[in-house]
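Summary of the model geometry
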Amino acid sequence: MSIRTESYLVGLVGDGVTPSLTPPMHEREGDVQGLRYLYRPIDLLELGLTGEAVGAILQSARTLGFNGLNITHPCKQLVLQHLDEVSPDARRLGAVNTVVIRDGRFIGHNTDFSGFAAALASGLPGARLDRVVQLGAGGAGSAVAYALLSAGVKTLELVDMDPQRAAARAAELAGFFPDSTVAARTTTELPQLMPLADGLVHCTPVGMAAHPGVPLDLDLLEPRHWVADIVYRPIDTELVRGARAKGCEVLDGGRMAVGQAADAFRIFTGLDADPERMRSHFLDLVAAEEVAA
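Residues numbered from 1 in each chain as written. Predicted model: local features only at pLDDT ≥ 70, side-chain atom pairs only at ≥ 80, totals over all residues. Heavy atoms only, no water.

The criterion, for reference: UniProt positions are given in the numbering used here, feature names are shortened, and annotations may be inferred rather than shown by experiment.
Looking at an unreviewed UniProt entry, one finds the chain named Shikimate dehydrogenase (NADP(+)), with Pseudarthrobacter niigatensis as its source organism. Reading the Sequence similarities (unreviewed entry) entry of the UniProt record for the chain gives the comment "Belongs to the shikimate dehydrogenase family." Annotation of the chain in UniProt includes, under Catalytic activity (unreviewed entry), the sentence "shikimate + NADP(+) = 3-dehydroshikimate + NADPH + H(+)".

Next comes the structure, spelled out in structure tokens:
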């Protein structure tokens, strides 16, 4: 295999990013494609910095020859004021998680929404999208809801513990997608919503290693439902396992994580990543983590 002469230096900026699986995913894909590709975490907690430092980090990255940075909590909104250009979708979402540095300019993108859109298309091809219930309307939930509506969901029921946040998000999304219905709902309405829904998307921390459990009564799930989770540590959350046991088609959170990484790789390099190859490596990384734990 020949090594391409151009090299790539990228990084991940955010709180607690040192254990992230994104760097090894990118580096492995770069290796396979014959690239000189180096990806480093820039952990704000370890550096004793706040999210407001993201502007200075961008300037330093440009000076040091970085090709781009992935951006995560707490910088996805803060970074906007430091960019020269923002993609239309990222502008609508008010959040950027990928910045490419090109000709000295900072250009922002959002691969949270595109990563979920790719995951939905590849992991649940042909899924009915007439009516979908989404749990969680926070930052990640916003991007996922945007992806669902972009994919053609006709009615999206946004369920959140914070009714005001759900209502604000629903109104905003309804403005972007006037041909769809977007409604804010509460958790108490789930018994009425699920019998009408084609699918369920979960976008809250419930199910993470630090927040075990399920986000709703599994008795509300029927075999005809499809279920998508964006939590990927663990990859088989209690929701994913429970839905699978009910006979539902499921989409684990790893699909979105890989979709995000593949899109960012393309933005940084101009080359298409192989999503299935990246997913295979991702699953190996997750399995190794579980063995170590």
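Next comes the rest of the write-up.
Here's the deal with the packing of helix H5 (residues 111-123) against helix H6 (residues 139-150)
What counts here: Where helices are involved, their axes are fitted lines through C-alpha atoms of the stretch in contact, as for all axes, and angles between N-to-C directions lie from 0 to 180°. Where helices and strands are cited, they refer to DSSP runs of H or I of at least four residues and of E of at least two residues respectively, numbered from the N terminus. Orientation labels follow simple angle bins: below 35 degrees gives roughly parallel, above 145 gives roughly antiparallel, 65 to 115 gives roughly perpendicular, and whatever is left gives oblique. Here a crossing is taken to be left-handed if its near helix is turned anticlockwise relative to the far helix by less than a right angle, and right-handed if that turn runs clockwise. Whether two residues are in contact is decided by their heavy atoms, any of which lying within 4.5 Å being enough. Charged residues are taken to be Asp, Glu, Lys and Arg, nonpolar residues to be Ala, Val, Leu, Ile, Met, Phe, Trp, Tyr, Cys and Pro, and polar residues to be all remaining types, Gly included.
In contact at an axis separation of 8 Å, H5 and H6 are set at 50° when each is read in the N-to-C sense. Between H5 and H6, the angle falls in the class oblique. The two elements H5 and H6 cross, and the hand of that crossing is right-handed. For the pair H5 and H6, the contacting residues are Asp-112, Phe-113, Phe-116, Ala-117 and Leu-120 in the first and Ala-143, Val-144, Tyr-146, Ala-147 and Leu-148 in the second. The residue makeup of the contact of H5 with H6, split by class, is nine nonpolar, no polar and one charged.

Some thoughts on the pairing of strand S9 (residues 181-185)
What counts here: Strand pairing is defined by DSSP finding a minimum of two bridges between the two strands.
In the sheet, strand S8 (residues 155-159) pairs with S9 via five bridges, with the strands oriented parallel. Bridging across to S9, Leu-158 finds its partner in Ala-184.

Points about the sheet that holds S9
Reading across from one edge, S9-S8-S7-S10-S11-S12 is the order of the six strands in this open sheet, with parallel pairing throughout. With one partner strand each, in any of the chains shown, S9 and strand S12 (249-251) form the two edges of the open sheet. Looking at each pair of strands side by side, their axes are set apart by 15° on average, direction ignored. Here strand S7 (residues 131-135) runs beside strand S10 (residues 199-202); their pairing, made up of four bridges, is parallel. Counterpart to Val-132 in the pairing with S10 is Gly-199.

A look at the UniProt feature "binding site: shikimate" (unreviewed entry) in the chain
The following threshold applies: Cavities and pockets were defined on a 1 Å grid built from protein atoms only: a cavity is a group of points that admits a 1.4 Å probe but offers it no way out, a pocket is an open group of points flanked by protein on both sides within 12 Å along at least five of seven lines, and a lining residue is one with an atom within 4 Å of any such point. The buried label applies to any residue whose accessible area, calculated with a 1.4 Å probe on protein chains only, is under 20% of its type's maximum; exposed applies above 50%, and partly exposed to all values in between.
Mapped onto the present numbering, the UniProt feature "binding site: shikimate" (unreviewed entry) falls at Ser-20, Leu-21, Thr-22, Thr-72, Asn-97, Asp-112, Tyr-232 and Gln-260. Cross-referencing the annotated residues with the lining of the largest pocket gives Ser-20, Leu-21, Thr-22, Thr-72, Asn-97, Asp-112, Tyr-232 and Gln-260. Mapped onto the secondary structure, Asp-112 falls in helix H5. Using a relative accessible area of 6% as the deciding quantity, one classes Asp-112 as buried. Filtering out sequence-adjacent residues up to four positions away, Asp-112 remains in contact with Lys-76, Asn-97, Ala-143, Met-256 and Gln-260. Among the structural elements, Gln-260 can be located in helix H10 (residues 254-269).

Here we look at the pairing of S7
Selection rule: Crossover handedness is defined here as right-handed if the route from the first strand over the helix to the second strand goes clockwise, with the strands pointing away from the viewer.
Counting buried residues in S7 gives four out of five residues, a clear majority hidden from the surface. Pairing of S7 with S8, which is carried by five bridges, proceeds in the parallel orientation. Opposite Gln-134, over in S8, you have Leu-158 as the bridge partner. As a crossover connection, the stretch from S7 through H6 into S8 is right-handed.

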